[in-house]
Amino acid sequence: MLRHPFPVAIVVGVPGVGKSTVVDLSVKILSGRGLRTVVLNYGDYMFKRLSLVGVVRSRDEIRGLPIRIQVENQAEAARMMIRSASEELQGSKGLLIVDTHLLIRTPSGYWPGLPLHVAQELKPDAIILIEASPEEILSRQARDKTRVRKDYADPAIIEEMMRMNRIEALVVASFTGATVNIVYNREGEAEKAARELASILENLIIEKMHHI
Ligand code: ATP
Ligand code: AMP
Ligand code: MG
């Protein structure tokens, strides 16, 4: 099976660029147009499992865990997300949005958020890369006191990750057949980025309707 019965959009980008903010706003736009979306945050699924067993207290501690633990949880989280989306979207013309990362910076090195086995589980129709300038990302990270992104708070690391994210987006697209879009989330213009994202997502829903 190449695709799930519902369209799957994967939203990715450097930590602090504004993925969750823009996704939230775009869901509101789509719901105003009568379109149903299920948003699953990959980090929520990882955190739920790992905090239950007591190995982390916050979502920003997950990437510091031994890779073998992260690998196990990453695979299980993908299965759980698809199970949950399949139940929620059954019989409706909705869309699944997965808020996640293409690369995670761990003490052992950069680690892919969508290795082949995860991509085969999620079967993405589209990968949407959210971007902003490294300066904008740094200042958003600094302003957002709800999160600990110190390990990403360096312009050289952000630039390197942005370059690698674009490459990784094409790699994942090449082995899944997903499309790739880049959406710029400019300072003070999250609403504009959300409108752009909403139009990409709406197109996925419409294409799916025509396919049936
Ligand atoms: P992570 O990958 O760590 O979850 P994220 O990409 O989901 O990060 P958000 O949590 O959505 O990032 O946003 C980080 C901070 O930037 C938040 O405080 C948010 O309010 C702010 N922000 C998002 N978009 C913009 C924007 N266009 N202009 C100014 N601030 C923004
Ligand atoms: P986020 O809130 O999006 O920054 O996610 C919090 C944490 O969840 C990340 O720092 C990672 O440790 C983990 N995470 C998110 N997406 C993935 C993924 N696709 N694979 C593995 N871990 C992930
Ligand atoms: Mg987020």
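Residues numbered from 1 in each chain as written. Chains lettered and ligands numbered in written order. Predicted model: local features only at pLDDT ≥ 70, side-chain atom pairs only at ≥ 80, totals over all residues. Heavy atoms only, no water.

This structure, assessed with the given rule, holds zero aromatic pairs. The ring of Tyr 45 carries the charged tip of Lys 48 above its face, separated from the ring centre by 4.2 Å. (Phe/Tyr/Trp six-rings, centres within 6.5 Å; stacked < 30°, edge-to-face > 60°. Lys NZ or Arg CZ within 6 Å of the ring centre and 35° of its normal.)

Attention shifts here to the pattern of salt bridges. One pass over the structure, following the stated rule, counts twelve salt bridges. Of the charged contacts in the structure, one is a salt bridge between Arg 140 and Glu 187, with a shortest N-O distance of 2.8 Å. Of this pair, Arg 140 sits in helix α5 (residues 134-143) while Glu 187 is found in the loop between β7 (179-184) and α7 (190-211), placing the two residues 47 residues apart along the sequence. The network of salt bridges with common partners includes Asp 60, Arg 63, Arg 147 and Asp 151. (Salt bridge = Lys/Arg side-chain N within 4 Å of Asp/Glu carboxyl O. Helix = DSSP H or I, 4+ residues; strand = E, 2+ residues; numbered from the N terminus.)

Another point: the site of ligand 2. Taken together, 13 residues form the shell around ligand 2, and within it Arg 59, Thr 100, His 101, Gly 113 and Arg 147 come nearest. Within the contact set of ligand 2, an oxygen atom lies 3.0 Å away from a side-chain nitrogen or oxygen of Arg 63. One of the side-chain nitrogen or oxygen atoms of His 101 is found 2.9 Å away from an oxygen atom of ligand 2. Counting atoms within 2 Å of the grid points, the majority share of ligand 2 lands in the largest pocket. If one sorts the elements of the shell around ligand 2 by residue count, helix α2 (residues 42-52) sits on top with three residues. (Near = heavy atom within 4 Å. Polar contact = N/O pair within 3.5 Å; in protein donor to acceptor, adjacent residues only side chain to side chain. 1 Å grid on protein atoms, 1.4 Å probe; cavity = no way out; pocket = protein on both sides within 12 Å on 5 of 7 lines; lining within 4 Å. Sits in = over half its atoms within 2 Å of the grid points.)

What follows concerns the pairing of strand β5 (residues 109-112). Pairing of strand β4 (residues 103-106) with β5 involves four bridges; the strand directions are antiparallel. Note that in β5 the partner of Arg 105 across the bridge is Tyr 110. Where β4 hands over to β5, the hairpin turn is made up of two residues, counted between the paired strands. (Pairing = 2+ DSSP bridges.)

With that out of the way, let us pick up helix α3 (residues 67-89). Over its 23 residues, α3 runs 32 Å from end to end, which matches the ideal 33 Å to within 8%, given 1.5 Å per residue. Every buried residue of α3 is listed here: Gln 70, Asn 73, Gln 74, Ala 75, Glu 76, Ala 77, Ala 78, Met 81, Ile 82, Ser 84, Ala 85 and Leu 89. Among the structural elements, β2 (37-41), α2, β3 (95-99), β4, β5 and α4 (116-122) are those in contact with the buried residues of α3. Remark: Gly 91 follows α3 within two positions and exhibits a positive phi of approximately 75°. (Expected span 1.5 Å × (residues − 1). Buried < 20%, exposed > 50% of the residue type's maximum accessible area, 1.4 Å probe, protein only. Contact = heavy atoms within 4.5 Å.)

Next up on the list: α7. Here α7 is 22 residues long and its end C-alpha atoms lie 32 Å apart, about the 32 Å a rise of 1.5 Å per residue gives. Regarding α7, the residues found buried are Ala 190, Ala 193, Ala 194, Leu 197, Ala 198, Ile 200, Leu 201, Leu 204 and Ile 205. All buried residues of α7 project into a common sector of 165° when viewed along the axis, lining one side. Close packing links the buried residues of α7 with β1 (8-12), α1 (19-32), β3, β6 (126-131) and β7. (Arc of directions from axis to C-beta.)

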